[in-house]
Amino acid sequence: MISLNGLTKRYGDKIVVSDLSLSIKTGAVTGFLGPNGAGKSTTMRMIVGLDRPSAGSVTIGGLPYARITEPLRTIGALLDARAVHPGRSGHAHLVALARSNGIPLRRVAEVLETVGLGAAARKRAGALSLGMSQRLGIAAALLGDPGILMFDEPVNGLDTDGVRWVRGLMRSLADEGRTVFVSSHLMSEMQLTADHLVVIGKGRLIMDAPLTEVIARSSLTAVVARTPHAGELASRLTAAGIGVERLGENELVATGAAIERVGDIAHEAGVRLHELRTREASLEQAYQELTEGSVEYGART
Ligand SMILES: Nc1ncnc2c1ncn2[C@@H]1O[C@H](COP(=O)(O)OP(=O)(O)OP(=O)(O)O)[C@@H](O)[C@H]1O
């Protein structure tokens with residue numbers, strides 16, 4: 001488990017991470033979301049001791065990163081896929097990492113196989129495509145068979161197959177009981193992969209909740225009712241303070257109420273229902289609502 005306690009980072013007078021307190025749980029994929037410049041990478045860098053917090057602290061399995069002996073066996077991180085000596089081959093890079101962390105050298109071949117880098121592992125790292133570099137970065141994170149994995153935008157530059165592979169990898173790592181903490185801007189991917197979400201904006205925590213709850217809380221998640229008495233149901237729902245939009249003569253959409261409540265109101269009013277279902281917002285819609293006021297770097301449309 002990773003625990004952030006009042007974690008704060010300032011650069012000059014700008015606070016880029018502000019008083020973050022949360023835990024990232026084991027056995028789950030936690031998606032880390034936020035607009036450009038929200039402070040995701042800075043937070044991840046502080047977790048693995050690459051940036052010093054201005055205030056607060058981080059522990060990994062109860063210990064600060066600096067106190068973990070052979071850290072790659074505890075936490076594997078992909079933060080910047082290009083941060084490999086360009087003249088060194090991917091294979092040599094992994095061998096050096098394994099040696100310095102007491103990891104058996106057979107793991108190098110195993111992780112190269114897992115990420116599907118194959119013969120490209122003998123190429124200079126500087127000659128790898130972005131997608132191949134991402135695969136090498138993921139191999140490095142997996143090298144020590146750690147219980148905690150952290151990936152900063154791992155699908156960046158990957159092709160469709162690669163994206164699907166990363167999705168399956170995250171899932172299987174979490175299913176094995178590991179902690180998986182992953183940042184991404186691809187909401188459709190996160191909707192398929194994450195169990196839990198941490199959303200930040202301008203360095204502050206906006207949401208720390210299960211994916212299902214984030215979607216359920218969106219104002220765009222609604223209940224659709226089909227009934228020959230849509231007019232009657234609409235007025236009963238409105239009287240109960242529930243937002244209603246008519247879709248057609250026999251159909252309406254109710255917002256801000258659970259499906260059970262809409263069903264109960266229909267029952268009490270003696271309204272026959274031919275269909276009652278929840279229409280879920282997409283994560284992209286829910287995310288956009290959550291971060292509306294926190295986008296710092298937005299293009300004018
Ligand atoms: N070394 C640094 N010196 C000064 N400011 C920095 C430094 N590193 C990051 N920042 C600033 O901190 C803020 C947060 O940056 P960070 O890279 O953590 O955001 P992010 O959420 O990862 O963004 P993105 O989604 O664009 O990758 C930005 O305003 C950035 O300019």
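Conventions adopted
Residues numbered from 1 in each chain as written. Predicted model: local features only at pLDDT ≥ 70, side-chain atom pairs only at ≥ 80, totals over all residues. Domains from an automatic or database assignment. Pairing = 2+ DSSP bridges. Helix = DSSP H or I, 4+ residues; strand = E, 2+ residues; numbered from the N terminus. Axes fitted to C-alpha atoms, helices over the stretch in contact; angles between N-to-C directions.

Q: Looking at this structure, I do not really get the domain arrangement of the chain. What am I missing?
A: On domain assignment, one finds that the chain holds domain 1 (2-210) and domain 2 (222-279). Taking only C-alpha atoms, the centre of domain 1 and the centre of domain 2 are 45 Å apart.

Q: Just to check I follow, could you spell out the sheet that holds strand β13 (residues 275-279) for this structure?
A: Across a sheet, strands are paired by hydrogen bonds formed along the backbone, either parallel or antiparallel in direction. Strand order in the open sheet formed by 4 strands is β11-β12-β10-β13, and the pairing between neighbours is antiparallel. In this open sheet, the two edge strands, each paired with only one partner strand, are β11 (243-248) and β13. Going from strand to strand, the sheet's axes swing by 20° on average, the running direction of each strand aside. As paired strands, strand β10 (residues 222-226) and strand β12 (residues 251-255) are joined by 5 bridges and run antiparallel to one another. Bridge pairing in β12 links V223 to A254.

Q: What should I look at first to understand the sheet that holds strand β4 (residues 55-60) in this one?
A: The 3 strands lie next to each other as β2-β1-β4, forming an open sheet whose pairing is antiparallel. Both edges of this open sheet fall to β2 (14-24) and β4, since each of them pairs with a single strand only. Recorded for the sheet is a direction-independent mean angle of 20° between the axes of neighbouring strands. Relative to β4, strand β1 (residues 2-11) runs antiparallel, the two being bridged by 5 bridges. Bridge assignment links L4 to a residue of β4, and that residue is V58.

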